[in-house]
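Understanding the architecture of this molecule
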Amino acid sequence: MAELDRDSDVELMSDNDAENDDYVPVNQHDIDPDQQPNNIPFDVTELPEQLATTDGHLQDEVQVALYQQQSDSSRDYIAKFNTAPVQTITLSKLRSLYNKKDVKGAMALLRHRRKLIVDDEHLVQQDSPNVIPRIGPHFIDHTLYIGSRRGLDAALPKIIADHNWQIILNLTNTHRLWPDSNIACLPFNPLGRMMYVGTRLQEQLWLAIVPNTFFQHDHPENGREQFPALDAPTSTLSQQHALMVIMFIAFALEDMRLQDIHCIEHYPVPLTRANVKASTEILGRDGDNNRHIVLRLVDAKNLHTAFRTKWRNWVDRAPVAWKQDGFLQNNSPVGVTIRYGQNQPLRVNGAFDIEGANWDNDRDYNHIRQFTFSLATHISYLDVAEWHDVPEENILNAHEVLYDKPDTHEAREQVDLRNLPLLDDDGCEINVYSEEGLRVPRRIPTLFRNCGGLLNLRSVHDLFASEDNNEESNRNSMPFYIYPVAFTKDLGNVQSHGLMTTFNRRFILIDNAIRPHLPDDDADENNSLAGDGPDLDGENNPPRLGSSVLHGINCQVYNELSHRVRDEAKFHPVQLGMISTAMAGTTAKRITGQRRWQHRLDQCNIGLPHERFVDKVSGNDQPQALRFENTYTLDVHRLSNDRQNGRAIYECIITPLLKAWSHPTVLQPIKDAMVVFKPDLIPSLFAWATYPLTTLIDALWDAHRHSIKVNAVLEPCVIEVMSMLERALNYAHTGNAQVLCRRLMDRAWISLGLIHDGLPCISDTFISNASLITASSKVVIRHDGWPVDQQTRRPLTSSRRSQQLTYGKDHYESNDADALHHKAYEARFTIRHAVKNFPDSAYSDIPDLSMRIACYAAEIAIRVYLEDIKRLVQERVLKELRPLLDGGDRPAQRLAKERHMALGRWLDEDRPLSYSTNVLPYLLRAVVNTNGGNAKLELLESHLGRKPLSYLVDLIITQCRTPNSRRRPPFITGGNFLAVMRVAIDEMVDCAAQACISGDETNAWVSQAITHACNMLKVNHVPWCIPPAGRNGAPSSVVVHDVWLNLGAAERPPTQPSSSFLTRQESLHMAALQSSEAIELSDPRGDWNALGVRLNKFASVLHKTILPNEWNKSAASLATCSQYVTDTYNYVQNIFNPAIPLHQLAIIISIAFAGLTPNIFAPTITKGQAPKQPDQLSAYIRGLEWVPRPGKRGATSQEPFITMMSTFVIAMSDPASPISQRVEGGSDIKEWLTKHSAKGITILALCRLGVAEPVAVCALYSAKWGRDIRALPPSEILAKHAEVVRLIKTGGQYGGFDAIMYLMGNRTAEILMKNHFVKARPLPAKLPSHTVAKTSSRNASSSKRTLKDLDWDDDSRISSSVDEGGSKKRVRQSN
């Protein structure tokens, strides 16, 4: 098929009519860095800093998802996503919705998983005779020059004079960071060596201070790996070293008598910026701190000469104080220039000679060490309506010989153009090829339309396929990454850290042609790409070549539209997440933050980012070609002398690289991988595909835009949903999976839908599907089930990074001691969310609901404190351990590994400040360094000695309520506890007001709530500041990891009642009440509460002869039941007698079952998974997990289970019960079983609870009573009852735990312990050494995750029915 080649010698029309957007500068002090002009090489997949996330998806996941539509995970939300059906929707349907502005229909699409299908009516058939690929135009988009000598060679042109040429020195911004993240492009490591000094025309001008051996080309240590690496955090030259270079430039300019530059002191000591400004005017005159010095070409050459001839003497004369670190003597400055985004056209028709001359004049390549550059070639398609035949004479004059095939075919033959038909039978042009293998067009289009294209990501691997023909697997020669755009999943962009395989073949030929011959070769160099020739015998004998001089660095392929919409800006607003930060900035307290918020709000009010994007790309003739951009590095100093000039580089390197795209071996695989769209359709593709998402963004914005005012507080869940939607919108434009925060967006299904289906979908647990269907102005966001961090109970968020960078860290999570009235976003979100979702079982032993809520608010804040402490200990201990782990001292390394393991175990603890033998040994082992022979494992105690818990509580309350206070213990520098506790205390005060507590009693109320939380979390000691060392001044207030305050001192007797704040009369009444309760408890017929006693104190009610207060037939909802069901409940109520072993066991079992709520159901069991032997089957059933069942009503309230479970146990086992009588008579009991199984009360549960036994493996499935499961015989019931009662009586406070362990097993006992229905017996005081050293695989992996901060694997959610606060260790939910 014919192709249009912009490099052909036949003159073709130009199609370079894309308009460039003008850049309008704004007040850059009020705009964050992401909105500044672009200052790095263009990267189509780059993410703005504001949308960076620590738990983003990996790009590899996107590639895997091309061929696997399900996510491999057992988490419940992912399992539900995987089971949801995937529907398809055509681009035509989305186009119709968009054109009709059908908001309701578009938003409804977000309810389900959907895959976008681009139907044929939007595509162009590439095999049509009148559809041809177009290669070109070409551009240079990035240049980087490095000189080969000390001085400014990289900046100086080859010409002698040019009245328009200049350098502008700006020595006030030397702290600027080197912009190119691909530091491999430099022949040295830039850390600590780069200094920005100004601009050369449109290029940045830098000085790199490199080792002196850098300029000795034959020196054995002249190599990137041999140069010493500096211990510097960034690329920036240190301030001291930068000031030295500035003083040399001042010295040189003074010697040149340039302008008013003068040096009072050439070597200021001490060397400070103030002293430099006092010594010379080079940094500014009379208060000017931003001086720009213009250097003409002659001035720049004179400054370069000064570097060449005067630097060494100037260094020698420098004072000793300047040369103490040896840096000045051992390094010298070399010029570096860099430019990006210029997008200047190359190979312009009719201007080849002019371009060659320009390249020759631009630099003196004899003194350039390295040249890095990016070349871009556009490839698109033309839909041709009219053709013009190229005269044969023109073609023959340009080509002496033509072939029927490219040069890669050995059997190619010459053709006689005059006798060769123009078209074949299908109407396609019969191709002819030049000597170098390029197709020579025989006709050119005169009337055509441009068609854009995208890469088919399923075919991209062919462009990077391995050249190893013996490999049967589809290996790639170079790793690459795909970036789907416009929610298509399989169409988009690609990047690689190397060149495409198909292009690399031509690239190697070009490199071979310019590689220098080895010294013993006398073969003549020529411009042949093959580089070989015949020897004396007539056989091919290629010359021996040196190593490569041209290196392929990376490549990226993307649609030209992405380049146009960003132009000179870093990002288009549609990529920045501007709406969510406009919503979140209403409480910004800093002036800069307030200005940024107003700027973003104004922009959103003018037009939302996605609306402005559509406006920008609307209209015909938008750029839509595929842009193939390669970056190369050329070792100029290794070229032969005749090629060290600009013209040779242009003709022998630049031109062949650009022409290579036209070679059939390169072009054909690209054509096979392209999907070609009809003219002007690609801009609409983005608008149509994102329409469902943008309609939801519009709906949320319209619902809340009028509430976005100064100091207004928007609901955080709204901001977070908007942030997730904007991240999804960014993904539509970049395809970069790093923008998708895994922990939150996976749970919302948004990121799962984007990666696995292409189009986003939203789980009903986040946004009500009903509100999407109706497309009402009120989108219902579900706040109650918002996911939280398992350890800290802080809600998961998406907007953290954008808020911190836009408004400051203190806006999101305030760490300022003076921020008394400033409620940080995360702190407010954490406490308010916790209170709104207060678990029913939290602090259930406290009768007053307001106090329970206050305790829970305090607990959430204390958990943040625990995380601050863990972070402090982890950072400090790891800082100690890293040198030991990396060192060669094996004994020290072994001890460090042991401490590392102990640290991981301690970090996994839910109550890390406990003195429990499960916790404290690991903290001691991690913190205390025994490497020096110190075998005493003790923490250094604070100089305060032991203090009661009230001391800590009083300090917390005082500091939280004191404005402008200095941060003091217990608050940790950089921690979040202070901000969260301030909000928590406000919430506690509100709770006190609801309980009619006021005045001074409020402080006691707050103190009591915090004390409850500390006791629940076992806060036995806390890290403290170092003791004063007899020095003057205030003692240190910085909390450290190895000094701890013991909180074990006895509390002082309270000066007033603290439980209920009673009057004297009320206190007397309370005393009488307590006395009557004691009497009632001792009476066998006295009332008693099963859920009040639980199993911790069941020994105190073993003598009771009546049913507990909770036993009430109304709890069983019998109104609509059959008579035999009602008769059964009446039977149990009438015959109940705790002296009968079965009856007392039934009450114990009912209490235990109530304590399991809501985890009262059996998990799904796959057939064939369970053992068949009865003894093994019983153990298997006892070991099953207890799981919740979402959607089951009545599975959270505990009281009904006392009635229903005790009745079920007695009725199923008592031969005289109505149920047993019906079974005996062959009657149906289906209604009975169905009624109770809805609440988890099943005959299988009786096996798990120890009062029935399985007969066959069918017990796990559709079991039948008496056949698959049967009641225990009376003798076994009697024996089990006797042992349970014995354990309860003799075990004291641990008797309940021992009894449950015996009757129901370890798994049930642990859950009841977590829910405070039993109390576990502590482990022995001293752990065996093998126990400490040996960790389970679960703990080992958990520790590893903690140490690497991979906390996005946590899977937790707070709801009104789940107690998250009482576990001894972190328990992962089973999905």
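Residues numbered from 1 in each chain as written. Predicted model: local features only at pLDDT ≥ 70, side-chain atom pairs only at ≥ 80, totals over all residues. Heavy atoms only, no water.

1. A word on the overall build of the chain
This is how the line gets drawn: Think of it this way: any DSSP run of H or I at least four residues long counts as a helix, any run of E at least two long counts as a strand, and we number them from the N terminus. Partly exposed describes any residue whose relative accessible area lies between the buried limit of under 20% and the exposed limit of over 50%, with all areas from a 1.4 Å probe on protein chains only and scaled to the type maximum. For the accessible areas, the method is Shrake-Rupley and the probe is 1.4 Å, while residue cover comes only from the protein chains on display.
Per the secondary structure count, the chain includes 46 helices and 24 strands. The buried share of the chain, taken over its 1375 residues, is 55%. Accessible surface for the chain amounts to roughly 58900 Å². Of this, 50% is attributable to carbon and sulfur atoms.

2. Focus: the packing of aromatic side chains
Test applied: Geometry of aromatic contacts follows a simple scheme: Phe, Tyr and Trp rings, the Trp one being its six-membered ring, pair when their centres are within 6.5 Å, and the pair is stacked under 30 degrees between planes, edge-to-face over 60, tilted otherwise. Remark: a charge is flagged as sitting over a ring if the NZ atom of Lys or the CZ atom of Arg is within 6 Å of the ring centre and within 35 degrees of the ring normal.
All chains considered together, the criterion is met by 41 aromatic pairs. On the numbers, 6.2 Å between centres and 70° between planes, the contact of tryptophan 1088 with phenylalanine 1098 is edge-to-face. In this pair, tryptophan 1088 sits in the loop between helix H33 (1064–1082) and helix H34 (1090–1093) while phenylalanine 1098 sits in the loop between H34 and helix H35 (1123–1135), placing the two residues 10 residues apart along the sequence. Pairwise contacts between aromatic rings join Tyr145, Trp359, Tyr365, Phe371, Phe373, Phe507, Tyr632 and Tyr650 into one cluster. Seen from the ring of tyrosine 403, arginine 412 lies directly overhead, with NZ or CZ sitting 3.7 Å from the centre. If you follow arginine 1248 out to its NZ or CZ, it ends over the ring of tryptophan 1186, 3.6 Å from the centre.

3. Quick notes on the nonpolar core
Basically, it comes down to this: The set of buried Ala, Val, Leu, Ile, Met, Phe, Trp, Tyr and Cys residues whose side-chain atoms join them within 4.5 Å is what this entry labels a nonpolar core. We call two residues in contact when some of their heavy atoms are within 4.5 Å.
In terms of nonpolar packing, the biggest core is built from 141 residues, with Trp359, Phe373, Phe503, Leu550, Leu634, Leu657 and Phe677 touching the most fellow members. Contact partners of phenylalanine 677, with chain neighbours within four places excluded, come to Val118, His122, Leu123, Val124, Cys451, Gly452, Leu454, Leu491, Ile682 and Leu685. In terms of nonpolar packing, the next biggest core, distinct from the first, is built from 82 residues, Phe838, Val873, Phe971 and Ile985 among them.

4. Thoughts on the pattern of salt bridges
We count it as follows: A pair is scored as a salt bridge if a Lys or Arg side-chain nitrogen falls within 4 Å of a carboxyl oxygen belonging to Asp or Glu.
Within this structure, the stated rule accounts for 42 salt bridges. The salt bridge involving arginine 149 is made with aspartate 153; its shortest N-O contact spans 2.9 Å. By relative accessible area, which is 6% here, aspartate 153 ends up buried. Taking the shortest distance from any N to any O, the salt bridge between arginine 412 and glutamate 435 comes out at 3.9 Å. In this pair, arginine 412 is assigned in the loop between helix H10 (392–398) and strand E11 (432–433) and glutamate 435 in the loop between E11 and strand E12 (439–440), connecting sequence segments 23 residues apart. Residue arginine 412 is classed as buried on the basis of its relative accessible area, which comes to 17%. Among the residues examined, glutamate 435 registers a relative accessible area of 47% and is labelled partly exposed. Salt bridges sharing common partners tie together Arg200, Glu203, Asp362 and Arg363.

5. Regarding the confidence of the model for the chain
To be explicit about the condition: Predictor confidence is given residue by residue as pLDDT, running from a minimum of 0 to a maximum of 100.
Averaged over all residues, the pLDDT of the chain equals 83, while 85% of them reach at least 70. Below a pLDDT of 50 lies the segment residues 521–539, which in the model reaches 28 contacts outside its immediate sequence neighbourhood of four places, other chains included. Between residues 1055–1069, whose pLDDT stays under 50, and residues either more than four places distant or in other chains, the model counts 13 contacts.

6. Observations regarding helix H26 (residues 825–836)
As a reminder, the rule being used: Take the residue count of a helix, subtract one, and multiply by 1.5 Å to get its expected span.
Its 12 residues give H26 an end-to-end C-alpha distance of 16 Å, which sits within 8% of 16 Å, the value for a rise of 1.5 Å per residue. With 10 of its 12 residues buried, H26 lies for the most part within the structure. Listing the buried residues of H26 in full gives Tyr825, Glu826, Ala827, Arg828, Phe829, Thr830, Ile831, His833, Ala834 and Val835. Buried-residue contacts for H26 involve helix H20 (716–734), helix H24 (800–807), helix H25 (809–812), helix H27 (849–886) and helix H31 (977–994).

7. Description of the pairing of strand E5 (residues 166–169)
Applied cut-off: Strand pairing is defined by DSSP finding a minimum of two bridges between the two strands.
A one-sided burial pattern is seen for E5, the buried positions being Ile167 and Leu169 and the unburied ones Gln166 and Ile168. Examined bridge by bridge, E5 and strand E8 (residues 293–296) share four bridges and lie antiparallel to one another. Its bridge partner being in E8, glutamine 166 is matched across the sheet by arginine 296. One ladder, built from three bridges, connects E5 with strand E6 (residues 194–200); its direction is antiparallel. The residue bridging isoleucine 168 from the neighbouring strand is threonine 199, located in E6.

8. Points about the pairing of strand E4 (residues 131–147)
Within E4, 17 of the 17 residues are buried, which leaves it mostly tucked inside the rest of the structure. Here 14 bridges tie E4 to strand E10 (residues 368–389), and the two strands are oriented antiparallel to one another. Of the residues in E10, the one forming a bridge with leucine 144 is threonine 372. Alignment of E4 against strand E9 (residues 331–346), held across eight bridges, turns out to be antiparallel. Paired with histidine 138 across the strands is leucine 346, a residue of E9.

9. Quick word on the environment of leucine 849
Among the structural elements, leucine 849 can be located in helix H27. Leucine 849 sits 145 residues away from glutamine 994 along the chain, and the two C-alpha atoms are 9.9 Å apart.

10. Some points on the sheet that holds strand E21 (residues 1021–1025)
Consider a sheet: its strands pair through backbone hydrogen bonds, and that pairing is either parallel or antiparallel. Heads up, the condition is: For helices, the axis comes from a line fit to the C-alpha atoms of the stretch in contact; other axes are also lines fit to C-alpha atoms, and the angle between any two N-to-C directions lies between 0 and 180 degrees.
The three strands are arranged E20-E22-E21 in an open sheet whose pairing can be described as mixed. Two strands bound the open sheet, and with one partner strand each, they are strand E20 (940–941) and E21. Packing of H27 onto the sheet brings it into contact with E21 and strand E22 (1039–1046), and relative to E22 it is tilted by some 125°.

11. Quick notes on the state of the cysteines
The following threshold applies: When two cysteine sulfur atoms lie within 2.5 Å, the pair is treated as a disulfide.
This structure, assessed with the given rule, holds zero disulfides. In this structure cysteine 855 is not part of a disulfide, and its nearest cysteine sulfur, from cysteine 991, lies 9.2 Å away. When its relative accessible area of 0% is taken as the criterion, cysteine 855 is described as buried.

12. Thoughts on unusual backbone geometry
At the junction of valine 269 and proline 270, the peptide bond is cis and its omega measures out at -5° in the coordinates. Mapped onto the fold, proline 270 is located in the loop between helix H5 (239–255) and helix H6 (273–279). Geometrically, the link from threonine 1157 to proline 1158 is a cis peptide bond, its omega value of 0° lying close to zero. Positive phi outside glycine occurs at aspartate 621, with the angle close to 60°. Examined against the element boundaries, aspartate 621 turns out to sit in the loop between helix H15 (609–617) and strand E18 (626–634). A relative accessible area of 57% means that aspartate 621 is categorised as exposed. We note that histidine 1316 has phi near 65°; this positive angle belongs to a residue other than glycine.

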